[in-house]
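Spelled out, the chains give:
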Amino acid sequence: MINTISEIKRKFDVNEVRKDFPILTRMVNDKPLVYLDNAATSQKPQVVINALTNYYTYDNANIHRGLYFLSELATEQYEDARLKVKEFINALSTSEVIFVKGTTEGINLLASSLCRAKFFNEGDEVIVSNMEHHANIVPWQLMGDRKKIKLSVIPINDDGELDLDAFEKMINPKTKLVSVVHISNSLGTINPVKKIIDIAHSKNVPVLLDGAQAVPHCKVDVQDLDADFYAFSGHKVFGPTGIGVLYGKAEYLEMMPPYQGGGDMIRTVTFEKTTFDDIPRKFEAGTPNIAGGIGLGAAIDYLNQFDRKELAEYENMLLDYATKKLSEIEGLRIIGKAKEKASVISFVIEGIHPYDIGTLIDTDGIAIRTGHHCTQPIMQRYNLPATSRASFAFYNTFEEIDKLVAGVLKVKKMFS
Ligand code: PLP
């Protein structure tokens, strides 16, 4: 049975919402957990945990191949999840939704398949930005080793905003693809992706968006954006790990060869020749993450109860509050001050290494991220080895931000 999106939305109440996430009641170092590392991975509501448990407890069977009750039930649930994803991102068809392990695999799939399709010639360029996650740099370099693809990098200003004039000038006849992050995981910048796509399309260049951080924070409509490809990870959007999505326009997916070979992606196999299944199945070799797909479907159902705008507005209030409070701390510098920001704050404090901040506030049960956040080039841009990063989800509270600020002040005092 397919769940359609309910028109009657559940009123957002953070105290009620927190009850949906069992982990939020646990203690860490004898203190209530303050989980502020949502950009790395989000916590899971009980309904997602139940979906995984139910599948393994009652419905476990392999999909697509069995003609018996359980296999058909598992197939129905898995394909139902694909339909939920299609509606969630407003793809035109479920055939445009490829299940992968996550954003990283989605981008690797695209890079590998485009190379095999001879989409790139020697010396061709892929435009990325200075704020990419390594997942949107390394796959192109791996392919570049084989094909000599050059990466051109859109520069940013000191606030962490892309230089769109520079971008427009960078596009040239060698540019084959623009591949940029929708929301930066280390700066929080929300990039003007619709504008980027318009500019690229005006020069007939397709665009991949890395939506790992965007899908948890805002409603993504791939048709409205006119994105050619869009990748995201289930675990950052309140779903399980090991499942994600690569969306691609059918016109591209049809011409792209498979990424991996094996069972489930074929139509006929002889020792001389194999013919492949239709999209998206030709990209999904082997037994997939069935439980993960079903769990992602449950996460989408969970999110669909709410008005996403209401969740985003609440997260923005958390961001504004945290920005104000952290900025009041002497010697603390926020890295990434874009006008359009999602709820991610990177910061450094003069004279204190981010690792010390992260380790010491953990003793108060506060989980933040420290390091380069898999974005070493942006650290080089700001001449920093690392930052501390707090990232919020709609289940976080203003009191948790107060605890973060108190924790940081305590660390500062220890070092003074
Ligand atoms: N892109 C961005 C912007 C990210 O923040 C991340 C993860 O932090 C990734 C890509 C990679 O996601 P995954 O590790 O789930 O494949």
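Our structure is the block above this text.
None of the values given here were measured: they were computed from a predicted structure. (Residues numbered from 1 in each chain as written. Predicted model: local features only at pLDDT ≥ 70, side-chain atom pairs only at ≥ 80, totals over all residues. Heavy atoms only, no water.)

1. Description of the overall build of the protein chain
Thinking step 1. Helices and strands together make up the secondary structure of the protein chain, namely 14 helices and 17 strands.
Thinking step 2. Against the globule reference of 22 Å for 416 residues, the protein chain gives a C-alpha radius of gyration of 22 Å, in line with a compact fold.
Thinking step 3. Over its C-alpha atoms, taken along the principal directions, the protein chain stretches across nearly 70 × 55 × 35 Å.
Thinking step 4. Counting the 416 residues in the protein chain, one finds 56% classified as buried.
Thinking step 5. Across the protein chain, every contact between residues at least 6 apart in sequence was considered, and the portion connecting residues at least 24 apart equals 71%.
Thinking step 6. For the protein chain, the accessible surface area stands at approximately 18,100 Å², while carbon and sulfur atoms represent 53% of it.
Thinking step 7. Each charge class in the protein chain can be summarised by its mean position, and for the 47 positive and 54 negative side chains these summaries are 3 Å apart. (Helix = DSSP H or I, 4+ residues; strand = E, 2+ residues; numbered from the N terminus. Rg over C-alpha atoms; globule rule 2.2 N^0.38 Å. Buried < 20%, exposed > 50% of the residue type's maximum accessible area, 1.4 Å probe, protein only. Contact = heavy atoms within 4.5 Å. Areas by Shrake-Rupley, 256 points an atom, 1.4 Å probe, with all protein chains shown as cover. Lys, Arg positive; Asp, Glu negative; His and termini not counted. Charge placed at Lys NZ, Arg CZ, Asp CG, Glu CD.)

2. Let's talk about the side chain of Glu315
Thinking step 1. If you trace the backbone, Glu315 turns up in helix α11 (residues 308-327).
Thinking step 2. For the buried residue Glu315, which engages in no salt bridge, the nearest side chain bearing the opposite charge is Arg308, 6.7 Å off.
Thinking step 3. Here Phe394 takes part through its backbone nitrogen, which lies 3.4 Å from a polar atom of the side chain of Glu315.
Thinking step 4. In this structure, Glu315 is in contact with Pro216, His217, Ser343, Phe392, Ala393 and Phe394, ignoring residues within four places of it in sequence. (Salt bridge = Lys/Arg side-chain N within 4 Å of Asp/Glu carboxyl O. Polar contact = N/O pair within 3.5 Å; in protein donor to acceptor, adjacent residues only side chain to side chain.)

3. Some details on the environment of Ile49
Thinking step 1. The topology assignment puts Ile49 in helix α2 (residues 46-59).
Thinking step 2. Spatially, the C-alpha atoms of Ile49 and Phe392 are 21 Å apart, while their sequence positions differ by 343 residues.
Thinking step 3. With sequence-adjacent residues up to four places away left out, Ile49 is seen in contact with Pro22 and Lys44.

4. What about the site of the ligand?
Thinking step 1. Taken together, 13 residues sit near the ligand, with Thr104, Asp210, Ser233, His235 and Lys236 positioned nearest.
Thinking step 2. A distance of 3.5 Å separates an oxygen atom of the ligand from a polar side-chain atom of His133.
Thinking step 3. One of the side-chain nitrogen or oxygen atoms of Gln213 is found 2.7 Å away from an oxygen atom of the ligand.
Thinking step 4. Tallied by class, residues from the shell around the ligand come to three nonpolar, eight polar and two charged. (Near = heavy atom within 4 Å. Nonpolar A, V, L, I, M, F, W, Y, C, P; charged D, E, K, R; others polar.)

5. Some remarks on the pairing of strand β9 (residues 229-233)
Thinking step 1. For β9, the tally of buried residues reaches five of five residues, placing the bulk of the element in the interior.
Thinking step 2. Of the two faces of β9, both are covered, the one formed by Phe229, Ala231 and Ser233 as well as the one formed by Tyr230 and Phe232.
Thinking step 3. Examined bridge by bridge, strand β8 (residues 207-210) and β9 share three bridges and lie parallel to one another. Within β9, the position partnered with Leu209 by the bridge is Tyr230.
Thinking step 4. Sheet topology note: the β9/strand β10 (residues 244-248) ladder contains five bridges and is antiparallel. Its bridge partner lying in β10, Ala231 is registered against Leu246. (Pairing = 2+ DSSP bridges.)

6. Here we look at helix α14 (residues 398-415)
Thinking step 1. Compared with the 26 Å implied by 1.5 Å per residue over 18 residues, the 26 Å span of α14 between its first and last C-alpha is a close match.
Thinking step 2. Of all the residues in α14, the buried ones are Glu400, Ile401, Leu404, Val405, Gly407, Val408 and Val411. Buried residues of α14, seen end-on, are gathered within an arc of 160° and therefore sit on one face of the element. Those residues of α14 that are exposed and aimed more than 90 degrees away from the buried face are Glu399 and Lys413. (Expected span 1.5 Å × (residues − 1). Arc of directions from axis to C-beta.)

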